[in-house]
Structure formats: C-alpha cells, structure tokens
Amino acid sequence: MANPIWIMTSAFDTLNLDQTIAKATEIGVQGLDLCVFRRDGSRNDFVATHLDYENFGTEEAKAILDKFNSHNLRLSIGAFENLIGGDPIHRVKNQNHLLRLIRMAYLMGGDDNDIKVGTFIGYNHELGNQEGGFEKNLLEYQKVFTPIIKYAEDLGVTVLYENCPMEGWRSERYSGSFNNLTGVLAARKLMYELIPSPNHGEIYDPSHDVWQHTDPVEVIRNTDMSRLKRIHVKSTRNNPDPFWGNMYPNQAVDPILAKKAGVPIPASSWDRHHYEATLPGFGLGDSMDWRAFITILKEKGFTGPFEIENEAVLSKQTGNMGAIVQGCKAAVMNMAPLLWELGEQGYEFPKSEVKPLFEISRRDIPLVTMDKL
C-alpha cells in the first residue's frame, strides 16, 4: 500500500480554498490538511482559514466532500493553538473552536472518511513554574481534554496532537522555550494513559526532534503505532553554535553588553535554537536521514499520509508563490522514490489507491461549548 502525500494548507494562506486545490493538483498531491484557524486568534505565524467554520452545516459538509471527490483529493482539518495555557480568554475560545472543528469533521464523516482534527495542547506556565510543573501540566491536560476526547469519541472523530514545542510562543526574555506539552514523546505516551481513549493520537513532525538532537528513527521505534496517523514532511538544517551551545535556548541579555562581549542574542522570540527550516530536496540539505526514517515507518506498518508542511526559509518564508510551489514540488519528488513503486512514468502514486470520500449524510447537531460538556 502506497502512502499518499498531502499538503498542509498553512503555506497557502493568501489563497482561497479553490485556488489552494488548484495548486495541490499542479503539485501532484493526494490530499490537503485544511487549516481552519480562528479568524480572531492570537497567532499570526503560519496560519490560514480555508473553511468557513462559522457557517458550516450538513449542506456545506456535502459540498466539501463533493468538491474534494471531484479533484480526487482527501482531507483533514485542524487549528493549532494553546488550549491549556496563555491568555484565559483566548484559551476558552481555542477550546470551543476545537469543539467546533470536531463537529465539522463529524458532519463530513469523521473517522469513516479518515477526516481527523489536528491541534496543539499548549502549555500553562503558571503551573509550569511551580515545583512539579510538568506533571501539573499533564493533569491540566487531563482535566481539559477528558470531556473533549469523550465528545470526539461519541461522534466518531479522532483528535491528533502535533509535536512542535512552539519555542517562540513566549518572549525571548524567558529562559525556557518549551511551550507545547506534546513536544516530547514521553508526554504523549503519558497523555494516552491519562485519557485511555482510542480517539486521540498524533501527527509526528520529525524536524522538531532533529533540532532537539533526538533521532526520529528511535522516536518511531518507541511510538505506539495505533496512535500515529499523520507524518509531517518538514526538515531542519542544524547550525552548531559555539556561544550558547545546542542544548538550551539562546538567552536574551542587555544588547549593549552583548555587543561589547561579541555574543549573539535572539533577534526575536523565535530565534531561540540553532536551525534553519527546510524542505527535503529543495535547496539546502538537512540534518535528517529520510530514508532511514521512512524505512522504520514502513517496517512498523504506517500507511497514513505524509503531509508537506512548508515553512522553509527558501520557500514559504520568501513570500513568493512560485518558490512556495517549487518547494512543495521538490518535496514530492524527493519523497516519491521512498514511498511509491516504480512504474512506466517513474515513481507515481498508483491510481488504484485513489479512494473517494464516502458521501455520508449525517444528522445535524448543534454547536457545543466547554461549559456545556
């Protein structure tokens, strides 16, 4: 069974859904992970909103399934925010938005159509600064997400956590840069014990472990494969640093003092660790062995999509649509020999593996919010 290649639509935040689908067809992928962020959210980095979440019912669900089937594409949806920490007002809005996305996935068939809902957990630093703060965050996660996952399970929808530590979510004036609970495998395994439902799992992005000097092959070797539903295709090129080392984040100090001492300091809250975001096969090489990574995934029976998340400095971060598309095309070509069989036209996703979405008619259900669960 050939793994499909999808695109996460954050790279096409300047395009509407139809324009994004046209780019997906040009690039030659088999699906889209649709970003459906809150329009009034607090994030402004790599976010997009490709479905009208405020006006989504049974007719809209049917129209999306028809649209994607007409283009031989499959889909998931997601929004990646802080759901257990940060500003309390945004925190509740983020939780309610996740519930909204779960309802949308349900209306489009949920697990019957392999339409998952992606999210972050986030981190609560008020708890994290206390003794035992990491475990207190785990317990906060259990409190917040137990009713969310129960709601998803009742509707036949699976929620997926992505593993970015979100190192730029706090000011560089703070010494730590771990801002998303799911940023390490240990946390994810503990989370499944705290909420032992089959209806949550993970989207694994190996690039985040690469810059943490952790081997993604060993992460997969120790991952419960029943939880792993998606792989992000994104790379990093690690850049050794003689000043701050590569274990801990860069620290902010007085700029005048730093200049006198000849010591670099963070240029922004995201400039905490020494790596450059890349895409496999486009421009710079990276610090990851993709062949070894895909080999262990195949050995362990992973059959899900590989989703291109384009945040590359030479592609998405140029702001140039041509370079964005080029980066995605290069990633597809780079992954094709590792994922697909060789045929008359080279390495192609087999037409026999193109599976249409089921045209499911679901009973409409009202929106729910956290205070009602």
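Keep in mind that what you see is a predicted model, and the values were worked out from it rather than measured.

K.L.:
Explain the sheet that holds strand S6 (residues 200-204) to me, using residue names and the numbers behind them.
P.N.:
Pairing is parallel around the closed barrel formed by 8 strands, whose spatial order is S1-S2-S3-S4-S5-S6-S7-S10. Taken over all neighbouring pairs, the strand axes of this sheet differ in orientation by 30° on average, direction set aside. Summarising the sheet, strand S2 (residues 31-35) and strand S3 (residues 74-78) pair through 5 bridges and their orientation is parallel. For Cys35, the partnering residue across the bridge sits in S3 and is Gly78. Each of S6, strand S7 (228-233) and strand S10 (306-308) is contacted by helix H10 (residues 290-299), which is oriented at about 170° to S7, the strand it contacts most.

K.L.:
Now, about the packing of H10 against helix H11 (residues 321-339): what can you tell me, with residues and values included?
P.N.:
As a packed pair, H10 and H11 sit with axes 10 Å apart at the nearest point and diverge in direction by 45°. The pairing of H10 with H11 is recorded here as oblique in orientation. As H10 runs across H11, the sense of the crossing is right-handed. Taken together, the residues of H11 that come into contact with H10 (itself represented by Trp290, Arg291, Ile294 and Lys298) are Met335, Leu338 and Leu339. Considering only residue class, the contact of H10 with H11 consists of 5 nonpolar, no polar and 2 charged.

K.L.:
Hey, could you go over H11 for me, with residue numbers and the actual values?
P.N.:
An ideal rise of 1.5 Å per residue puts 27 Å on 19 residues; H11 measures up with 26 Å between its terminal C-alpha atoms. For H11, the full list of buried residues reads Ala323, Ile324, Val325, Gly327, Cys328, Ala330, Ala331, Val332, Met335, Ala336, Leu338 and Leu339. At its buried positions, H11 is contacted by strand S1 (5-8), helix H1 (17-27), S7, H10, S10 and strand S12 (346-347).

K.L.:
Would you mind going over the pairing of S7 in detail, with residue names and values included?
P.N.:
Burial runs high along S7: 5 of the 6 residues are buried. Relative to S7, S6 runs parallel, the two sharing 3 bridges. Across the sheet, residue Glu202 finds its bridge partner in S7, namely Leu228. In this structure, S7 lies alongside S10, joined through 3 bridges in parallel fashion. Following the sheet pairing, Val233 is matched in S10 by Ile308.

Basis of the calculations
Residues numbered from 1 in each chain as written. Predicted model: local features only at pLDDT ≥ 70, side-chain atom pairs only at ≥ 80, totals over all residues. Heavy atoms only, no water. Pairing = 2+ DSSP bridges. Helix = DSSP H or I, 4+ residues; strand = E, 2+ residues; numbered from the N terminus. Axes fitted to C-alpha atoms, helices over the stretch in contact; angles between N-to-C directions. Contact = heavy atoms within 4.5 Å. Parallel < 35°, antiparallel > 145°, perpendicular 65-115°, else oblique. Left-handed = near helix turned anticlockwise from the far one by under 90°. Nonpolar A, V, L, I, M, F, W, Y, C, P; charged D, E, K, R; others polar. Expected span 1.5 Å × (residues − 1). Buried < 20%, exposed > 50% of the residue type's maximum accessible area, 1.4 Å probe, protein only.

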